[in-house]
Each structure stands twice: as structure tokens, then as C-alpha cells.
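# Structure at a glance
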Amino acid sequence: MDDPRKQAPSASATVRFRPEIVSAAAYRQGRPAPEGGFKLSSNENPFPPLPSVVAAIEGAAQEVNRYPDASAAGLVARLARLNHVADEQIAVGPGSIAVLHQLVTAVAGAGDEIVYAWRSFEGYPSVVTLTGATAVQVPLTAEGVHDLDAMLAAITDRTRAVLLCSPNNPTGLTLGHDDVERFVASAPRDVLIVIDEAYVEFVRDDEAVNGLAIIADHPNVVTLRTLSKAYGLAGLRVGYAVGHPEVIAAVRASGLPFELSSIAIEAAKAALDAREDLTDQIDEIVARRHQIEAGLTDQGWALPDSQGNFVWLPIGARTEWAADVLEAQGIIARVFPEGIRVTVGERESIEPLLTATAEIVRGLSESAETAS
Ligand SMILES: Cc1ncc(COP(=O)(O)O)c(C=O)c1O
């Protein structure tokens, strides 16, 4: 029953909002799974948290009356050790999207431009909008990779940052290390270049870019990583940037104090300490990706070589229909205008997924025959 004390405000707000905030589209979150189905819409890790991570969360819960360590020093030290850099080269935040927001806030405001490929991670437009800067979206090539030449050509005097995403969400394709080296060498040195490597732990292509190997020689380059995917902490929100100490200092200055909760800090430390167990999970997810790709290829799909924890089905115009076919098998995937992204999830999800994709192939070929 409606609460009679709850009254909708009658007059419209008299506050003057920034127009780009009023017109900003809300972030579209992956839909939850139906009863007995599988949520393969948010590129999450399907494994539950390790017992040591749960114990760290329970331990930290006993002290939530206290503020966390604002510098997250213990976590920063572990990340520095993991990435073979100094502590001053690591900035942590509540998810890599928040760290990206801090990065972009540090370099750009109204009148500035941020260049990124499109289609790519759906968080980029929101981050750019919040800073008041203008997004310059450069279409992917027909194969679904970043068009680095076109991105270079899109850099103007107003450009303050370029975002590169490897593996690209949603297509899964990586950027070549040498190609990124060339790009960085040709770009102006006062433009910040962010290499978003949210899925780096799932990459098995030796030629793919490794941001850590680039930041050493290029102080304007930062790599962005997260504990949301391979480390299975999406719900706790921990991400980080690795870069030159001056850039990292600016990133830290662009964030609010106490952004990481004490529970998130302790869970992240425990997850990093359990890297060996997590490596087994990551290898298992990559093996499942290969199994799904092999099944799809047998069915006749022409797939991009995904290096993330997801596969991209380039369906074209009939994505809504295909999403219904998947949903009938209990699979909730992420639907885009050009295709569908399916997260590599539970082992039990593979069979219904491949059953649905076989039906999609049949439906697509029947409609092609009718059209010809
Ligand atoms: C390419 C990419 N970057 C960044 C993120 C944000 O991750 P988080 O904020 O959870 O660290 C995502 C999440 O899906 C992503 O796909």
C-alpha cells in the first residue's frame, strides 16, 4: 500500500543544473538472471569469493566504526610489488571507472576533448560527461579493433586525453604492443594516454599490449586495472592506475578522501595474497572461453579473437530477437545495436548457451534464405 506520508514534490526544481548532466543517459547495468538462469551480462567472475577473502571482510566488519586508512597504504604496497613499480606509481579508487574519472578530471574540463574508440566500454561517455569535456568517438574498424591512425588524426589542440581499451569491451580484441608503442611515439607528449586493461589477466596473446612495459618510457601513459574481473571483487569496487609519480599524484588529488572502504581495502589485500588460487580460476575461465569459441566456430560463427572473459556475437540488426532466444535458454547477455556480448560464466551455462546460439544460426540463415 502507498505510504500516505510520501508526497511527490509538486513544483519543478528551481536549481540551475549543468545541461550536460540533465541530458546524461543513466549507465545501463547488465540485467540480473531469471530463476535458475545465468547472468552473463556484466563480465563478472562466476566464482564465489575465496574463504580467505570472506574472512578478511568479516574481520574488517568488526571495525567499521573507524574510518579506513585514507592512503590505503597496505593495498598500494601490494599492488606496487605485484606490478614491479614504486608505491608512488599506484593510485587506487572505488573501481577502475572511478580512477578513470579522477584521471580525466585531472586533465580536462569544459572545452577540452577526450578521444576514445567506439563502440567501447559504456562507462567512457559518462566519465567524459561528468568532467564537462567533449567526447570524440572514433569508430572501430570493420574488424572491431581501434582505428589507431584515425584516433591519432582526431587529436587536436583541445585534446587532453586518449582512452585505449585492450581487450576492447565488447568486441574482445586486443591492441598490438608495437602498434600502441608507435601510437604513443606519434601522439603529443602533453596528452594523457590511458590504456584500460580491465581484462588483462585473461589475455593469452603474446603480441597484445602490456601497458606496464610502456609506462616506463612514457610519463604521459597510464595503465588502468581492476580487481572487479579476474579478482572477483566487482561488488566491493577496487581499481587502480599505474603510471608516472606526477600523474599519479594528480590522480590522487582528483579524488575525495576515504573513497575505498576498510572492507574493500582488506578484501583486496586478501585477494592479492591469494593470487595462486585465483590464477587457477582465471585459467579455468580462459579454458571455458576456448570451449565456447570452439563450439561457436563449429556452428559457423565468424568470431573476433576475444581475449577477455566474454565473447562477442556480431549479429547485426537482429540482436533483440537473438537476445530472446538466449533468454529462453536462461541466458541473460548484454545486447548492443551491433551484436551481443556474452560473459564466460558458470560451467553449466555453456550447454544452454551453445544450444541458443545454434538456434540463432538457424534463424539467421532461414531469414537470409527468405530474403534471397
Ligand atoms: C573496459 C572496462 N574498463 C573499466 C571497467 C570498470 O571496471 P570497475 O569500475 O569495476 O573496475 C569495465 C567494467 O566492465 C570495463 O569493461
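These numbers were taken from a predicted model, which means no experiment stands behind them. (Residues numbered from 1 in each chain as written. Predicted model: local features only at pLDDT ≥ 70, side-chain atom pairs only at ≥ 80, totals over all residues. Heavy atoms only, no water.)

### A look at helix H11 (residues 275-298)
In this model, H11 (24 residues) spans 34 Å end to end at C-alpha, consistent with the 34 Å of a helix rising 1.5 Å per residue. Taken together, the buried positions of H11 are Leu 278, Gln 281, Ile 282, Ile 285, Val 286, Arg 288, Arg 289, Ile 292, Glu 293, Gly 295 and Leu 296. Just beyond H11, the residue with positive phi is Gly 300, at close to 100°. (Helix = DSSP H or I, 4+ residues; strand = E, 2+ residues; numbered from the N terminus. Expected span 1.5 Å × (residues − 1). Buried < 20%, exposed > 50% of the residue type's maximum accessible area, 1.4 Å probe, protein only.)

### Some points on the sheet that holds strand E9 (residues 310-313)
The strands making up a sheet are joined through hydrogen bonds of the backbone, oriented either antiparallel or parallel. Within the open sheet, the three strands sit side by side as E9-E12-E11. Their pairing is antiparallel. Two strands lie at the open edges of the sheet, namely E9 and strand E11 (334-335), each paired on one side alone. With two bridges connecting them, E11 and strand E12 (residues 340-343) associate as antiparallel partners. When the bridges of E12 are listed, Arg 334 appears paired with Arg 341. In the packing of helix H12 (residues 319-328) onto the sheet, the strands contacted are E11 and E12, and the crossing angle to E12 comes to about 25°. (Pairing = 2+ DSSP bridges. Contact = heavy atoms within 4.5 Å. Axes fitted to C-alpha atoms, helices over the stretch in contact; angles between N-to-C directions.)

### Re the pattern of salt bridges
Scanning the entire structure with this criterion turns up 13 salt bridges. Note that Arg 204 is salt-bridged to Asp 283, the shortest N-O span being 3.1 Å. Residue Arg 204 is located in the loop between strand E6 (192-196) and helix H8 (211-215), and its partner Asp 283 is located in helix H11; the two are separated by 79 residues in the primary sequence. On the basis of relative accessible area, Arg 204 is assigned to the partly exposed category, the value being 37%. Taking relative accessible area as the criterion, Asp 283 reaches 40% and is therefore assigned partly exposed. Notably, a salt bridge pairs Arg 347 with Glu 284, separated by 2.9 Å at the nearest N-O pair. (Salt bridge = Lys/Arg side-chain N within 4 Å of Asp/Glu carboxyl O.)

### Some words on the pairing of strand E4 (residues 134-139)
Note: strand E3 (residues 113-118) against E4, six bridges, orientation parallel. Opposite Glu 113, over in E4, you have Thr 134 as the bridge partner. Each parallel crossover has a hand, and for E3 linked through helix H5 (residues 123-131) to E4 it is right-handed. (Right-handed = clockwise from strand over helix to strand, strands pointing away.)

### Thoughts on the site of the ligand
Within the structure, the ligand sits among 13 residues, and Ser 96, Asp 196, Tyr 199, Thr 226 and Ser 228 are positioned closest to it. Between a nitrogen atom of the ligand and a side-chain N or O atom of Asp 196, the distance comes to 2.6 Å. Within the side chain of Ser 228, an N or O atom sits 2.6 Å from an oxygen atom of the ligand. Each residue belonging to the shell around the ligand can be placed in one class, and the counts come to five nonpolar, five polar and three charged. (Near = heavy atom within 4 Å. Polar contact = N/O pair within 3.5 Å; in protein donor to acceptor, adjacent residues only side chain to side chain. Nonpolar A, V, L, I, M, F, W, Y, C, P; charged D, E, K, R; others polar.)

### A closer look at helix H10 (residues 262-273)
Over its 12 residues, H10 runs 17 Å from end to end, which matches the ideal 16 Å to within 8%, given 1.5 Å per residue. When you tally the buried positions in H10, you get nine out of 12 residues, the bulk of the element. Burial in H10 covers these residues: Ser 262, Ala 264, Ile 265, Ala 267, Ala 268, Lys 269, Ala 270, Ala 271 and Leu 272. Looking at the buried side of H10, the elements it contacts are helix H2 (51-61), helix H3 (73-83) and H11.

### A few points about the packing of H2 against H10
Running from N to C, H2 and H10 point in directions that differ by 150°, and their axes come no closer than 8 Å. Considering the angle they form, H2 stands roughly antiparallel to H10. Here H2 runs over H10; the crossing is right-handed. Of the residues in H10, those touching H2 at Ser 52, Val 53, Ala 56, Ile 57, Ala 60 and Ala 61 are Ser 262, Ile 263, Glu 266, Ala 267, Ala 270 and Ala 271. (Parallel < 35°, antiparallel > 145°, perpendicular 65-115°, else oblique. Left-handed = near helix turned anticlockwise from the far one by under 90°.)

### A look at the domain arrangement of the protein chain
For the protein chain, the assigned domains are domain 1 (29-48 + 276-365) and domain 2 (51-273). Between domain 1 and domain 2, the C-alpha centre-to-centre distance is 25 Å. Across the contact, 23 residues belong to domain 1 and 22 residues belong to domain 2. For the pair domain 1 and domain 2, the summed buried area comes to about 1900 Å², and 58% of that belongs to carbon and sulfur atoms. (Domains from an automatic or database assignment. Buried area = accessible area lost by both parts, 1.4 Å probe.)

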